[in-house]
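For reference, the chains in residue letters:
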Amino acid sequence: MKKVLGLILELNPLHNGHKYFIEKAIKEQNPDTVIAITSTNFTMRGEVSVINKFEKTQFLLDMGIDIVLELPFLAAVCSADYFAYNTVMALNKFGVTDIVCGSELNDIDKLMYLDSLTNSQNFNDLVKDYLDKGYSYNTCCNKALSELTTDEDLIINYSLPNNTLALQYLKAIKRINKSINLSLIKRINNNYYDEGITGEISSASSIRNLIKRNEDISSFVPFNYDLIDINICNNNLFNLIKYKFINLETISNYLGVKEGIENRVFNQLDKSNTLDELIQNSQTKRYSANYIKRLLLHIIMETSNQTNQEIEYTRILGFNKKAKKYINGLSKDIKETIITSPKNTDNIYCLNELRATKLYEILTNKKIYNEEFKIPIIKEG
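Let us look at the structure shown here. (Residues numbered from 1 in each chain as written. Predicted model: local features only at pLDDT ≥ 70, side-chain atom pairs only at ≥ 80, totals over all residues. Heavy atoms only, no water.)

1. Topic: the overall build of the protein
1) Next: Per the secondary structure count, the protein includes 18 helices and 7 strands.
2) Next: On C-alpha atoms alone, the protein measures out to a radius of gyration of 21 Å, which is about the 21 Å that the 2.2 N^0.38 rule sets for 381 residues.
3) Next: Considered along the principal axes of its C-alpha atoms, the protein spans approximately 55 × 50 × 45 Å.
4) Next: Long-range pairs, those at least 24 residues apart, make up 74% of the contacts in the protein between residues at least 6 apart in sequence.
5) Next: Computed over 45 positive and 46 negative side-chain charges, the inter-centroid distance for the protein is 3 Å. (Helix = DSSP H or I, 4+ residues; strand = E, 2+ residues; numbered from the N terminus. Rg over C-alpha atoms; globule rule 2.2 N^0.38 Å. Contact = heavy atoms within 4.5 Å. Lys, Arg positive; Asp, Glu negative; His and termini not counted. Charge placed at Lys NZ, Arg CZ, Asp CG, Glu CD.)

2. Looking at the pattern of salt bridges
1) Next: The tally for this structure, following the rule as stated, stands at 23 salt bridges.
2) Next: A salt bridge links Asp-151 to Lys-110; the nearest nitrogen and oxygen atoms lie 3.4 Å apart. Here Asp-151, found in the loop between α7 (137-148) and α8 (152-158), pairs with Lys-110, found in helix α5 (residues 108-118); they are 41 residues apart in sequence, far enough to count as distant.
3) Next: Among the residues examined, Asp-151 registers a relative accessible area of 25% and is labelled partly exposed.
4) Next: Look at Lys-110 and you get partly exposed, because its relative accessible area is 24%.
5) Next: Here the salt bridges do not stand alone but share partners, grouping Lys-53, Glu-70, Arg-315, Glu-353 and Glu-372 into one network. (Salt bridge = Lys/Arg side-chain N within 4 Å of Asp/Glu carboxyl O. Buried < 20%, exposed > 50% of the residue type's maximum accessible area, 1.4 Å probe, protein only.)

3. Structural notes on helix α13 (residues 261-269)
1) Next: Of all the positions in α13, only Ile-261, Glu-262, Val-265, Gln-268 and Leu-269 are classed as buried. Burial along α13 is one-sided: seen end-on, the buried residues are contained in an arc of 130°.
2) Next: On its buried side, α13 packs onto α11 (230-244), α12 (248-251), α14 (275-282) and α15 (289-301). (Arc of directions from axis to C-beta.)

4. Comments concerning the sheet that holds strand β1 (residues 4-9)
1) Next: A sheet is described by the order of its strands in space; here 7 strands give the open sequence β5-β4-β1-β2-β3-β6-β7, paired in mixed fashion. Two strands close off the open sheet at either side, each with one partner strand: β5 (181-186) and β7 (377-379). The average angle at which neighbouring strand axes cross in this sheet is 20°, direction not considered. (Pairing = 2+ DSSP bridges. Axes fitted to C-alpha atoms, helices over the stretch in contact; angles between N-to-C directions.)

5. Considering the nonpolar core
1) Next: Counting 124 residues, the largest nonpolar core has Leu-7 and Phe-42 as its most contacted members.
2) Next: At 8 residues, the largest contribution of residues to this core is made by α15.
3) Next: Not counting residues up to four positions away in its chain, the partners in contact with Leu-7 are Phe-21, Ile-22, Ala-25, Val-34, Ile-35, Ala-36, Ile-37, Ile-65, Leu-91 and Val-100. (Core = buried A, V, L, I, M, F, W, Y, C linked by side-chain atoms within 4.5 Å.)

6. Focus on the side chain of Thr-57
1) Next: By the element assignment, Thr-57 lies in helix α2 (residues 53-62).
2) Next: In this structure Thr-57 comes out as buried when scored by relative accessible area, which is 0%.
3) Next: Excluding its chain neighbours within four sequence positions, the residues that come into contact with Thr-57 are Val-68, Leu-317, Gly-318 and Ile-377.

7. Comments concerning the environment of Pro-222
1) Next: Considering the arrangement of structural elements, one finds Pro-222 in the loop between α10 (204-212) and α11.
2) Next: Spatially, the C-alpha atom of Pro-222 lies 35 Å from that of Tyr-287, the residues being 65 residues apart in sequence.
3) Next: Beyond its immediate sequence surroundings of up to four residues, Pro-222 is in contact with Leu-14, His-15, Asn-16 and Lys-19.

8. Regarding α14
1) Next: Regarding α14, the residues found buried are Leu-275, Leu-278, Ile-279 and Ser-282. Relative to the axis of α14, the buried residues are bounded by an arc of 95° and lie together on one face.
2) Next: Buried positions along α14 lie against α11, α13 and α15.

9. Remarks on unusual backbone geometry
1) Next: With omega at 0°, the peptide bond leading from Asn-12 into Pro-13 counts as cis.
2) Next: For Pro-13, the position within the fold is in the loop between β1 and α1 (16-29).
3) Next: Here Ile-375 and Pro-376 are connected by a cis peptide whose omega angle stands at 10°.
4) Next: Topologically, Pro-376 is positioned in the loop between α18 (348-364) and β7.
5) Next: Look at Glu-302: it is not a glycine, yet its phi comes out positive at around 55°.
6) Next: Topologically, Glu-302 is positioned in the loop between α15 and β6 (316-320).

10. Quick look at the packing of aromatic side chains
1) Next: Summed over the entire model, instances satisfying the criterion amount to 8 aromatic pairs.
2) Next: Relative to Tyr-360, the ring of Phe-42 lies with its centre 6.0 Å away and its plane at 90°, an arrangement referred to as edge-to-face. One end of the pair, Phe-42, is in the loop between β2 (33-39) and α2; the other, Tyr-360, is in helix α18, with 318 residues separating them in the sequence. Like Tyr-360, Phe-42 is buried.
3) Next: Ring centres of Tyr-130 and Tyr-135 lie 5.8 Å apart, and the angle between their planes is 75°; on these two criteria the pair is classed as edge-to-face.
4) Next: Accessibility expressed as a relative area gives 36% for Tyr-135, which makes it partly exposed.
5) Next: Lying over the aromatic face of Tyr-135, Lys-143 brings its terminal NZ or CZ to 4.9 Å of the ring centre.
6) Next: Cation over ring: Lys-358 sits above Tyr-369, and NZ or CZ is 4.5 Å from the ring centre. (Phe/Tyr/Trp six-rings, centres within 6.5 Å; stacked < 30°, edge-to-face > 60°. Lys NZ or Arg CZ within 6 Å of the ring centre and 35° of its normal.)

11. Looking at the environment of Ile-201
1) Next: Looking at where Ile-201 falls in the secondary structure, it is placed in the loop between β5 and α10.
2) Next: On a C-alpha basis, the gap between Ile-201 and Phe-220 in space is 6.2 Å, while along the polypeptide they are 19 residues apart.

Next up, the structure:
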């Protein structure tokens with residue numbers, strides 16, 4: 001049986017840590033085919049990507065990825081559980097046998113034990129009790145876990161971002177195809193939330209901070225990028241949000257709006273001078289900064305609150321010559337689901353992705369919309 005490796009990437013931006021991860025995953029797995037799925041111009045945490053999806057695709061192909069799949073706006077800008085489900089579903093349709101993800105824990109047995117603990121009724125009951133006492137959701141989970149295990153390694157690692165995603169990938173694999181093997185690669189040199197540079201391998205957060213300050217990032221990334229101006233982009237986004245909140249009544253119809261959170265954001269608009277201030281002022285114990293960022297994007301995109309965020313979607317952003325044979329060998333049923341061009345589809349997720357690309361163009365002043373009609377990118381040689 002041939003080994004098909006699946007990688008799940010956001011690349012905001014693609015940096016030396018990603019290069020290390022991709023090269024190590026390919027070396028350790030030695031697959032016949034490598035398939036990556038990437039979020040496009042907006043990320044899971046509700047941020048505008050500093051490099052666009054067409055650049056991401058080309059760079060991944062240059063790094064030895066055979067096929068690059070698209071995770072569209074509606075499947076990407078969502079909580080970790082939906083994000084994991086959508087990525088695993090897409091990779092499963094393309095026949096992956098193995099998925100490798102980054103993790104601070106780097107112990108698959110401990111990850112599986114952590115999964116069993118957090119899926120237990122005891123855990124859920126404890127979380128509910130702590131929520132009723134007014135704690136934030138993350139705090140509730142950590143307190144509940146502390147009552148179920150004395151393993152400090154598990155307690156410390158549970159809330160770290162890569163471990164959170166790894167847990168969700170494990171849950172998604174159990175739902176979708178239990179025969180997929182999940183392997184971990186330890187994150188090195190930095191943590192996701194590190195704001196400062198830690199060497200040639202530094203966090204995406206710290207690199208984005210350099211970009212905001214218009215500083216050189218060439219030592220921390222493997223390619224030269226046509227980067228967006230984050231400050232201009234955020235200012236444009238802030239102005240769009242203020243415009244959308246002129247008619248507060250319509251806001252309640254959009255995804256993520258509940259329990260009066262729209263009123264809180266509205267009340268903070270006049271007290272905030274920047275997008276970052278608005279996000280900071282609007283977050284609560286129950287609603288994190290990432291939740292607020294996703295919420296604001298869905299309001300601008302007018303995503304209906306009836307939208308199902310478990311999405312089956314098949315679109316190829318790019319592939320190399322070697323992968324053409326693999327794609328041709330897919331089953332007829334799978335090939336019929338592949339969106340070959342947005343010109344001839346009524347798929348609502350694809351049409352929404354076109355709108356998201358147009359929004360990205362407006363926010364960043366990067367003329368990329370016409371590229372939607374030129375994919376997949378095919379790498380020869």
